[in-house]
Amino acid sequence: MGGVYSSEKMARVFSYESSDVDWCEDNYKHSENVAEYFNTMSSFIFFIISPIMLYLFHPYAKERHLAIHLVWIMMIFVGIFSAYFHMTLSFMGQMLDELSILWVLAVGYSMWFPRKLFPFFIKDRYKFSGLIMVATIITTASSFVKPTANAYALNFFGIHILYVVIQEMRGCTDQKLLQLARLSIGLWLLAISCWISDRFGCSFWQRLGFCYMHGIWHILIVLAVAYATTLVAYLDANYEIPYSLPGLQYWPSDKWPVGFPQIVLKATTKTQKRC
């Protein structure tokens, strides 16, 4: 009897609309199999941007640490789980979507959080990464206690990252770096505005017949992450591998008014002079 109950309970967490979260977009408007069609389709932007950023990050990751690629590899999984969640609005889809974001943040903190801001009892990045992993495992387990609060908690990480970026930019005179910081912050503010607007202003958008702000959030947040990860990775390169003489440029052309930021290394361990 207990086994039957457990299997039924497991089936419920995978079932359509078993999540308490339902975004503003009308359900099943374009397909009887897809709950939120535009939110699902907009999740595929992760599959476009992530491979591009993996390619652009490779010279830096190769010199710094190949584990850095985990950030954008995991962003692909964020896209997969986001599409699954919005397609089904299932409880399991919600948890996979939110927890994949949590683990991307954890890897990013482990790789890039400035050493000078480590807690006083942490002396190296290895121990700091261990602390982050333990905290993330505990947070993963506790996220099942009140799942509706998870998304709000994740957005507070964005506020903390914003604070760290502002602190790092104080006294900076590199105009190209400052411009990248402004673009990163601007994209994040636009993205979070769309998220909040969809969550709390749904009735307004329904009157306008435009219930797609969460889908626009998907597009803007991927672009914000692309710019922000390049920014923090550039700062990290200056701290951790200064001999590589890191610089910033845009792909596919530095002369274009828009593009994806990338780190260029003017020197590597192979070209570094040794006494």
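Please refer to the structure higher up on the page.
Notes on the structure in this doc start here. Per chain, residues are indexed from 1 in the order of the written sequence. Only residues with pLDDT of at least 70 get local features here, since the model is predicted, and only at 80 or more are side-chain atom pairs given and counted; chain-wide, interface and lining totals rely on the full set of residues. Side-chain metrics in this entry use all non-hydrogen atoms of the structure; hydrogen atoms and water are not considered.

Thoughts on the nonpolar core
We apply this condition: Among the buried residues, those of types Ala, Val, Leu, Ile, Met, Phe, Trp, Tyr and Cys that are joined through side-chain atoms within 4.5 Å form a nonpolar core. Any residue under 20% of the maximum accessible area for its type is buried, any over 50% is exposed, and the rest in between are partly exposed; the area is computed with a 1.4 Å probe on protein chains only. Only DSSP runs of H or I covering at least 4 residues are called helices, and only runs of E covering at least 2 are called strands; the numbering of each starts at the N terminus. Residues count as neighbours in contact if any of their non-hydrogen atoms are within 4.5 Å of one another.
Ranked by size, the top nonpolar core spans 59 residues in total, and within it Ile49, Met53, Phe57, Tyr60, Trp72, Trp112 and Met169 carry the most contacts. For this core, the element with the most residues is helix 10 (residues 213-240), which contributes 14 residues. For Met53, the residues in contact, after removing those within four places along its chain, are Trp72, Ala226, Thr230, Phe260 and Pro261.

Here's the deal with a nonpolar patch on the surface
Which entries qualify depends on this criterion: Surface patches are drawn from residues lacking salt bridges whose relative accessible area is over 30%; two like charges belong together within 9 Å, two nonpolar side chains (Val, Leu, Ile, Met, Phe, Trp, Tyr) within 5 Å. Throughout, the Shrake-Rupley method with a 1.4 Å probe supplies accessible areas, and for residues the shown protein chains are the sole cover considered. A side-chain nitrogen of Lys or Arg and a carboxyl oxygen of Asp or Glu constitute a salt bridge if their distance falls within 4 Å.
Taken together, the side chains of Tyr152, Phe156, Ile159, Ile196 and Phe200 present a nonpolar region at the surface, about 530 Å² in accessible area. Among the elements of the structure, helix 7 (150-169) and helix 8 (175-200) are those that each provide at least two residues to the nonpolar patch. Broken down by element, the nonpolar patch gets its largest block of residues, three residues, from helix 7. Turning to its location among the elements, Tyr152 is positioned in helix 7. Residue classification places Tyr152 among the partly exposed residues on the basis of a relative accessible area of 32%.

Topic: unusual backbone geometry
For the bond from Trp251 to Pro252, the omega torsion is 10°, close enough to zero to count as cis. Mapped onto the elements, Pro252 comes out in the loop between strand 1 (246-251) and strand 2 (260-265). Positioned with a positive phi, Leu89 is a non-glycine residue whose angle comes to about 50°. Mapped onto the elements of the fold, Leu89 is located in the loop between helix 4 (70-88) and helix 5 (91-112). For Leu89, a relative accessible area of 1% corresponds to the buried category. Phi is positive for Leu245, close to 50°, though the residue is something other than glycine. One can find Leu245 in the loop between helix 10 and strand 1. Owing to a relative accessible area of 48%, Leu245 belongs among the partly exposed residues under this scheme.

Focus: the pairing of strand 2
Basically, it comes down to this: One bridge is not enough; two strands pair if DSSP finds at least two bridges between them.
In terms of burial, strand 2 is largely enclosed, as five of its six residues are buried. As judged from the six bridges shared by strand 1 and strand 2, these two strands associate in the antiparallel manner. Looking at the pairing, Pro246 lines up with Leu265 of strand 2.

Things to note about the packing of aromatic side chains
Stated precisely, the cut-off is as follows: Pairing of aromatic side chains here covers Phe, Tyr and the six-membered ring of Trp, requires ring centres within 6.5 Å, and sorts the geometry by plane angle: under 30 degrees stacked, over 60 edge-to-face, intermediate tilted.
All told, the structure shown has 22 aromatic pairs when counted by the stated rule. With a centroid separation of 6.4 Å and 5° between ring planes, the pair formed by Phe113 and Phe118 is classed as stacked. When sorted by exposure, Phe113 lands in the same class as Phe118, which is buried. Seen from their ring centres, Tyr227 and Tyr250 are 6.4 Å apart, and the 45° between their planes marks the pair as tilted. With Tyr227 in helix 10 and Tyr250 in strand 1, this pair connects stretches of sequence that are 23 residues apart. Owing to a relative accessible area of 11%, Tyr227 belongs among the buried residues under this scheme. The rings of Phe38, Phe204, Trp205, Phe210 and Tyr212 are connected pair by pair, giving a single aromatic cluster.

Let's talk about the state of the cysteines
Applicable threshold: Any two cysteine sulfur atoms lying within 2.5 Å of each other are counted as a disulfide.
Scanning the entire structure with this criterion turns up one disulfide. Across a sulfur-sulfur distance of 2.1 Å, Cys24 and Cys202 are joined as a disulfide pair. Judged by the torsion about the S-S bond (85°), the Cys24/Cys202 disulfide is right-handed. Within this pair, whereas Cys24 is found in the loop between helix 1 (2-14) and helix 2 (37-42), its partner Cys202 is found in helix 9 (residues 202-208), the two being separated by 178 residues in sequence. Of the two residues, Cys24 and Cys202, neither departs from the other in class, the shared state being buried.

Focus on the packing of helix 3 (residues 45-64) against helix 10
In plain terms, the rule: Geometry is summarised by axes, namely lines fitted to C-alpha atoms with helices restricted to the contacting stretch, and by angles between N-to-C directions that run from 0 to 180 degrees. Here is the rule for angles: anything less than 35 degrees is roughly parallel, anything more than 145 is roughly antiparallel, 65 through 115 is roughly perpendicular, and the remaining ranges are oblique. Ten residues, namely Ala, Val, Leu, Ile, Met, Phe, Trp, Tyr, Cys and Pro, are considered nonpolar, four, namely Asp, Glu, Lys and Arg, are considered charged, and the remaining ones, Gly among them, are considered polar.
Between helix 3 and helix 10, the least distance of the axes is 10 Å, while the angle of their chain directions is 5°. In this view, helix 3 runs roughly parallel relative to helix 10, as classed from their interaxial angle. Counting all contacts with helix 3, which are made through Ile45, Phe46, Ile49, Met53, Phe57, Tyr60 and Arg64, the residues of helix 10 involved are His218, Ile219, Val222, Leu223, Ala226, Thr229, Thr230, Ala233, Asp236, Ala237 and Glu240. Along the lines of polarity and charge, the residues of the contact of helix 3 with helix 10 split into 12 nonpolar, three polar and three charged.

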